[in-house]
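Chain by chain, the residues:
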Amino acid sequence: MRRYVLTLDLKDDPAVIAQYKAHHRRVWPEVQKSLRRVGVRAMDIYLLGRRLVMVMDKKEGFDRRRDFARHVASDLRCAQWEALMKTFQEPPPGARPGELWARMERVFHLR
């Protein structure tokens, strides 16, 4: 199993942050089912201020860009969810052009 750790920022507005959190207390079932179908084994999203960190465990062979595109295309509700979430989000400092969720580099691992 592989793990990705990604980050992005929410818009700097307490109401936006509250809405984002509220949506994630009740993620649409179609979205959860689709993420599992494309190979996401587990996903956690953490918030500090307006910075999000996503920890995602995936099956072997998972390709983030390809499989996330499959997820979005799998169901109209998934596409609607992802479009809605983008209204709350901004790329973090250091993101590549066109990148929203930026992949973080692991600098330490305790074995």
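The structure this text deals with has already been given above.
Everything quoted here is computed from the prediction, not taken from an experiment.

Engineer: Would you mind going over the layout of surface pockets with me for this structure?
Structural biologist: It is a probe the size of a water molecule, rolled over the atoms, that shows where empty space is left. Quantified by volume, the largest pocket comes out at close to 990 Å³. Lining of the largest pocket is provided by 35 residues; of these, Met43, Ile45, Met54, Phe68 and Trp101 occupy positions nearest its centre. Put simply, the parts of the chain that give the lining of the largest pocket at least two residues each are α1 (14-24), α2 (29-37), β2 (40-48), β3 (51-58), α3 (64-73) and α4 (76-86). Among the elements that make up the lining of the largest pocket, the one with the highest residue count is β2 (eight residues). Residue composition of the lining of the largest pocket, grouped by class: 21 nonpolar, five polar and nine charged. Taken as a whole, the second largest pocket spans an internal volume of roughly 170 Å³.

Engineer: Could you clarify how one ought to interpret α3 in this entry?
Structural biologist: For an α-helix the count is 3.6 residues per turn, leaving residues at separations of three or four pointing the same way. Taken together, the buried positions of α3 are Arg64, Asp67 and His71. Along α3, the residues classed as buried sweep out an arc of 85 degrees about the axis, all on the same side. Turned more than 90 degrees from where α3 packs its buried face, Arg65 and Ala73 sit exposed. Looking at the packing, one finds that the buried side of α3 touches β1 (2-10), α2, α4 and β5 (102-103).

Engineer: Can you walk me through the side chain of arginine 64 in this structure?
Structural biologist: Position of arginine 64 relative to the elements: it lies in helix α3. One buried charged residue, arginine 64, forms no salt bridge at all, with the nearest opposite charge on glutamate 99 at 4.0 Å. In terms of polar contacts, arginine 64 uses its side chain to reach the backbone carbonyl oxygen of tryptophan 101, at 3.3 Å.

Engineer: Looking at this structure, I do not really get the nonpolar core. What am I missing?
Structural biologist: Looking at soluble globular proteins, one finds that nonpolar side chains tend to be buried together. In terms of nonpolar packing, the biggest core is built from 21 residues, with Leu10, Tyr20 and Trp101 touching the most fellow members. Of all the secondary-structure elements, those providing two or more residues to this core are β1, α1, α2, β3 and α4. If you tally residues by element for this core, the top one is β1, at four residues. If sequence neighbours within four positions are ignored, leucine 10 has contacts with Ile17, Tyr20, Leu47, Arg50, Leu52, Phe88, Gln89 and Glu90.

Rules used in this analysis
Residues numbered from 1 in each chain as written. Predicted model: local features only at pLDDT ≥ 70, side-chain atom pairs only at ≥ 80, totals over all residues. Heavy atoms only, no water. 1 Å grid on protein atoms, 1.4 Å probe; cavity = no way out; pocket = protein on both sides within 12 Å on 5 of 7 lines; lining within 4 Å. Points joined across faces, edges and corners; volume = space filled by probe spheres on them. Helix = DSSP H or I, 4+ residues; strand = E, 2+ residues; numbered from the N terminus. Nonpolar A, V, L, I, M, F, W, Y, C, P; charged D, E, K, R; others polar. Buried < 20%, exposed > 50% of the residue type's maximum accessible area, 1.4 Å probe, protein only. Arc of directions from axis to C-beta. Contact = heavy atoms within 4.5 Å. Lys, Arg positive; Asp, Glu negative; His and termini not counted. Salt bridge = Lys/Arg side-chain N within 4 Å of Asp/Glu carboxyl O. Polar contact = N/O pair within 3.5 Å; in protein donor to acceptor, adjacent residues only side chain to side chain. Core = buried A, V, L, I, M, F, W, Y, C linked by side-chain atoms within 4.5 Å.

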